[in-house]
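A closer look at the structure
Now for the letters of each chain:
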Amino acid sequence: MISTVNQSALTINGYDFIRSKSQSLTSSRRFSVLPPLPAMKTRRSSGVLVSKPIFVSKVESFGCLKSSNETHTEEKSCLVKCKAYKADRVDPIEGPESKTEVARKMKIGVYFATWWFLNVIFNIYNKKVLNAFPFPWLTSTLSLAAGSLIMLISWAVRIAETPKTDLEFWKTLFPVAVAHTIGHVAATVSMSKVAVSFTHIIKSGEPAFSVLVSRFLLGETFPMAVYLSLIPIIGGCGLSALTELNFNWIGFSGAMISNVAFVFRNIFSKKGMKGKSVSGMNYYACLSMLSLLILTPFAIAVEGPQMWALGFEKAVSQIGPQIVWWMAAQSVFYHLYNQVSYMSLDEISPLTFSIGNTMKRISVIVSSIIIFRTPVQPVNALGAAIAILGTFLYSQAKQ
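Residues numbered from 1 in each chain as written. Predicted model: local features only at pLDDT ≥ 70, side-chain atom pairs only at ≥ 80, totals over all residues. Heavy atoms only, no water.

Structural notes on the overall build of the protein chain
- Looking only at helices and strands, one finds 13 helices and 3 strands in the protein chain.
- Here the protein chain, with 399 residues, has 43% of them falling under the buried criterion.
- In the protein chain, the share of contacts with a sequence separation of at least 24, taken over all contacts with a separation of at least 6, comes to 83%.
- Looking at the protein chain as shown, the accessible area adds up to about 21800 Å², and 64% of this sits on carbon and sulfur atoms. (Helix = DSSP H or I, 4+ residues; strand = E, 2+ residues; numbered from the N terminus. Buried < 20%, exposed > 50% of the residue type's maximum accessible area, 1.4 Å probe, protein only. Contact = heavy atoms within 4.5 Å. Areas by Shrake-Rupley, 256 points an atom, 1.4 Å probe, with all protein chains shown as cover.)

Okay, structure coming up:
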């Protein structure tokens, strides 16, 4: 859009550009929408100077002019009539579309920053709770319960729009919820046994499981670049596992099971939920509620109220009443960071989301090492860096 106007609008008629019957035919063949600017010698001078750019503001009409030659053969020359302005300067100013694009990018930036921040806070409080109260099944249940309660209140007071669901929706969501429940519990079990940084290093290997499952179970094929990107992922995770000072098989197995479960969650979600009207944070809210119903009886069977009571009494004697705040904080922040991540999916492409997820793992690994003073050997850090680099390369090659 041109910034200013220094003369009134002038009308340019396509007829002005028809100089002769021979030139008329040439002109009609050349132009597509607007005819070229005429030379100075024309039948009628339009008064247009080309020393400054012309901004076409309005097209008034299209039509064709008929002319006859000596043999009475008709020729048609298409005409266009438009209004134009002469500008003061060449460089355009920003229009409303560019402002909208800037606002959208700022919104995505806020989503990413909030997502990373909430995820870091969750992992810190989650590890604090598990160190003092080592009951990952109950901890996982509380996380889902807090999210379900938050969304029920949001729907009741109309902060969020209540989703319209039916029985078919919940039946389709069920396998997704089963995989989500397994992945969530397995990751929490892993964090109860090993350092947060180690769990996330192993979980950065999820793309490798995604490719393997999709290739051998679903028959999908990928470009060679995708397969090559798995080499640094697998190699980096293996190097970190071999050099981990506080290695634990339960912790390692939990992270690996979580990877597999989340791969199946994504597959079930992609195939079963395609075309469903529920998306974003409402989709995650429904997923949390169904996962809570699935997990609760298993949590009671594996750990049970008696063990929870004894463990809580011991935690209060060691930590004090603040253990209650820690448990509430990890539950709420778990829901919030997942909610923001699902909201961001509505605004960005899968590639951008994958890159953001890679950066999120880096922030969690670095912050947990600093806060919990986790001892890290140089070769262990190298393995983590290689695995994360492989994850980034995978996200690029997958597109």
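A word on the nonpolar core
- Ranked by internal contacts, the top residues of the largest apolar core, which has 48 residues, are Phe 133, Trp 155, Leu 173, Leu 287 and Phe 333.
- If one sorts the elements of this core by residue count, helix 9 (residues 280-302) sits on top with 11 residues.
- Among all residues touching Trp 155, those that are not within four sequence positions of it are Ala 160, Glu 161, Thr 162, Pro 163, Asn 282, Ala 285, Cys 286 and Met 289. (Core = buried A, V, L, I, M, F, W, Y, C linked by side-chain atoms within 4.5 Å.)

Some remarks on the packing of helix 6 (residues 206-216) against helix 7 (residues 224-243)
- Two elements in contact, helix 6 and helix 7, have axes separated by 9 Å at closest approach and are oriented at 135 degrees. When the axis of helix 6 is compared with that of helix 7, the two are oblique. Here the hand of the crossing between helix 6 and helix 7 comes out left-handed. Counted together, Pro 207, Ala 208, Val 211 and Arg 215 of helix 6 and Val 226, Tyr 227, Leu 230, Ile 233 and Ile 234 of helix 7 form the full contact between these two elements.
- Tallied by class, residues from the contact of helix 6 with helix 7 come to 8 nonpolar, no polar and 1 charged. (Axes fitted to C-alpha atoms, helices over the stretch in contact; angles between N-to-C directions. Parallel < 35°, antiparallel > 145°, perpendicular 65-115°, else oblique. Left-handed = near helix turned anticlockwise from the far one by under 90°. Nonpolar A, V, L, I, M, F, W, Y, C, P; charged D, E, K, R; others polar.)

So, the layout of surface pockets
- Roughly 260 Å³ of internal volume is contained in the second largest pocket.
- Forming the boundary of the second largest pocket are 14 residues, of which Glu 161, Ser 277, Val 278, Ser 279 and Asn 282 lie nearest the centre.
- At 3 residues, helix 9 tops the list of elements feeding residues into the lining of the second largest pocket.
- Broken down by class, the residue content of the lining of the second largest pocket amounts to 5 nonpolar, 5 polar and 4 charged. (1 Å grid on protein atoms, 1.4 Å probe; cavity = no way out; pocket = protein on both sides within 12 Å on 5 of 7 lines; lining within 4 Å. Points joined across faces, edges and corners; volume = space filled by probe spheres on them.)

Remarks on helix 4 (residues 167-193)
- Over its 27 residues, helix 4 extends 39 Å from the first C-alpha to the last, a length consistent with the 39 Å expected when each residue adds 1.5 Å.
- When the local axis directions of helix 4 are compared, the greatest deviation, roughly 35 degrees, occurs at Phe 174, which is followed within four positions by the proline Pro 175. (Expected span 1.5 Å × (residues − 1). Bend = angle between axes of the 7 residues up to and from the residue.)

Quick notes on the confidence of the model for the protein chain
- Of the residues in the protein chain, 73% have a pLDDT of 70 or more, and the chain-wide mean is 79.
- By mean pLDDT, helix 1 (residues 21-30) is the weakest element of the protein chain at 44, and helix 3 (residues 136-156) is the strongest at 96.
- For the stretch residues 1-35, pLDDT sits under 50, and the model shows 71 contacts to residues farther than four places along the chain or on other chains.
- Counting contacts from residues 70-76, a segment whose pLDDT is below 50, to residues more than four positions away or on other chains yields 13 contacts. (pLDDT = per-residue confidence, 0-100.)

Topic: unusual backbone geometry
- Here Arg 158, not a glycine, exhibits a phi torsion of approximately 65 degrees, which is positive.
- Residue placement: Arg 158 occurs in the loop between helix 3 and helix 4.
- Assessed through its relative accessible area of 74%, Arg 158 is described here as exposed.

Some details on the UniProt feature "transmembrane region" (unreviewed entry) in the protein chain
- UniProt records the feature "transmembrane region" (unreviewed entry) at residues 108-125, 137-157, 249-268 and 280-302, using the numbering of this structure.
- What you have in residues 249-268 is 100% helix and 0% strand, and the ends, taken at the C-alpha atoms, are 28 Å apart.
- Helix makes up 100% of residues 280-302 and strand 0%, with an end-to-end C-alpha separation of 32 Å. (UniProt positions renumbered as here; feature names shortened; annotations may be inferred.)

A few points about the packing of helix 5 (residues 196-203) against helix 7
- The interhelical angle for the contact between helix 5 and helix 7, taken along N-to-C directions, is 150 degrees, at an axis separation of 9 Å. Classified by the interaxial angle, the pair formed by helix 5 and helix 7 is roughly antiparallel. The chirality of how helix 5 crosses helix 7 is left-handed. Listed contacts from helix 7 to Phe 198, Ile 201 and Ile 202 of helix 5 are Cys 237, Ser 240 and Ala 241.
- Along the lines of polarity and charge, the residues of the contact of helix 5 with helix 7 split into 5 nonpolar, 1 polar and no charged.

Overview of the packing of aromatic side chains
- Scanning all chains against the criterion turns up 15 aromatic pairs.
- Centroid distance Phe 133 to Phe 135: 4.7 Å. Interplanar angle 50 degrees. Geometry classified as tilted.
- With centroids separated by 6.0 Å and ring planes inclined at 80 degrees, the aromatic side chains of Phe 198 and Phe 247 adopt a geometry described as edge-to-face. Taken together, the positions of Phe 198 in helix 5 and Phe 247 in the loop between helix 7 and helix 8 (249-272) put the pair 49 residues apart, joining distant regions of the chain.
- Accessibility expressed as a relative area gives 1% for Phe 198, which makes it buried.
- Here the aromatic residues Phe 198, Phe 247, Trp 249 and Phe 252 are joined through ring pairs into a cluster of three or more. (Phe/Tyr/Trp six-rings, centres within 6.5 Å; stacked < 30°, edge-to-face > 60°.)

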